[in-house]
Amino acid sequence: MSQALAGTATFAGFARMLGVNRSYITQLRTDGRLVLTDDGKRVVVDASRALVRESADPSKAAVAARHAAARTEATAQTPEAPPANAQPADDGIEGTGYQYWRERNERAKALASERDNAIADGKLLDAGDVATIVSAAAVTIRTTLESLPSVLGPQLAGIGDEARATAVLHEAFEHALDELSRRFGLVAKVTS
């Protein structure tokens, strides 16, 4: 081995040293948590180990310890076997391989069932239905407001009393708001 390569490893070799998947090493490289040789093709082992330890998220220490223990146990049982392929625990499900994906699938089914129940109970609405009703309500209020000048103009022109003109305007706006309220009331009827 040449002097330049002493203390370095390939990405795959560094993954084996740490007992992790290569994808984890790739993620470390992307996150800038590895010290690389000048050409960027090899990992400087000691410096990278130190950097990984220093930049580790303290909130994930328990997960890292559990995974390290699982890797140690797997290595002790079968020295030639690759380390356990632990899945990320960010969804609250722990495990490996088939069991992990089975539990994840069951959790997804349970969440879908909860969503369906909430829709059936009227606590949750379909986004498409809500968008249709809100859009129709917006069109109604816009059309009503745009028609007010042509409808109210002639009425207000003949009124000399300011109080009466204000009452006519108030009545027209109240009618527009009632129509908007009625349109939004359709949302409640969709849930029934």
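Residues numbered from 1 in each chain as written. Predicted model: local features only at pLDDT ≥ 70, side-chain atom pairs only at ≥ 80, totals over all residues. Heavy atoms only, no water.

Further remarks concern the confidence of the model for the chain. Residue-level pLDDT values for the chain average 80, and 81% of them are 70 or greater. When pLDDT is averaged over each element of the chain, strand β2 (residues 43-44) comes out on top at 94 and helix α4 (residues 61-77) at the bottom at 71. Scored below 50 in pLDDT, residues 79-89 shows 19 contacts in the model against residues more than four places distant or in partner chains. (pLDDT = per-residue confidence, 0-100. Helix = DSSP H or I, 4+ residues; strand = E, 2+ residues; numbered from the N terminus. Contact = heavy atoms within 4.5 Å.)

With that settled, consider the pattern of salt bridges. Inspection of the entire model under this criterion finds four salt bridges. When the shortest N-O distance is used, the salt bridge between Asp116 and Arg115 registers 3.4 Å. Classification of Asp116 by relative accessible area gives partly exposed; the value is 42%. Take Arg115: its relative accessible area is 43%, and that puts it in the partly exposed class. The residue Arg182 makes a salt bridge to Glu179 at a minimum N-O spacing of 2.8 Å. Of the two residues, Arg182 and Glu179 are both situated in helix α7 (residues 162-191); the distance of three residues between them amounts to about one turn of the helix. Judged by its relative accessible area of 19%, Glu179 falls in the buried class. (Salt bridge = Lys/Arg side-chain N within 4 Å of Asp/Glu carboxyl O. Buried < 20%, exposed > 50% of the residue type's maximum accessible area, 1.4 Å probe, protein only.)

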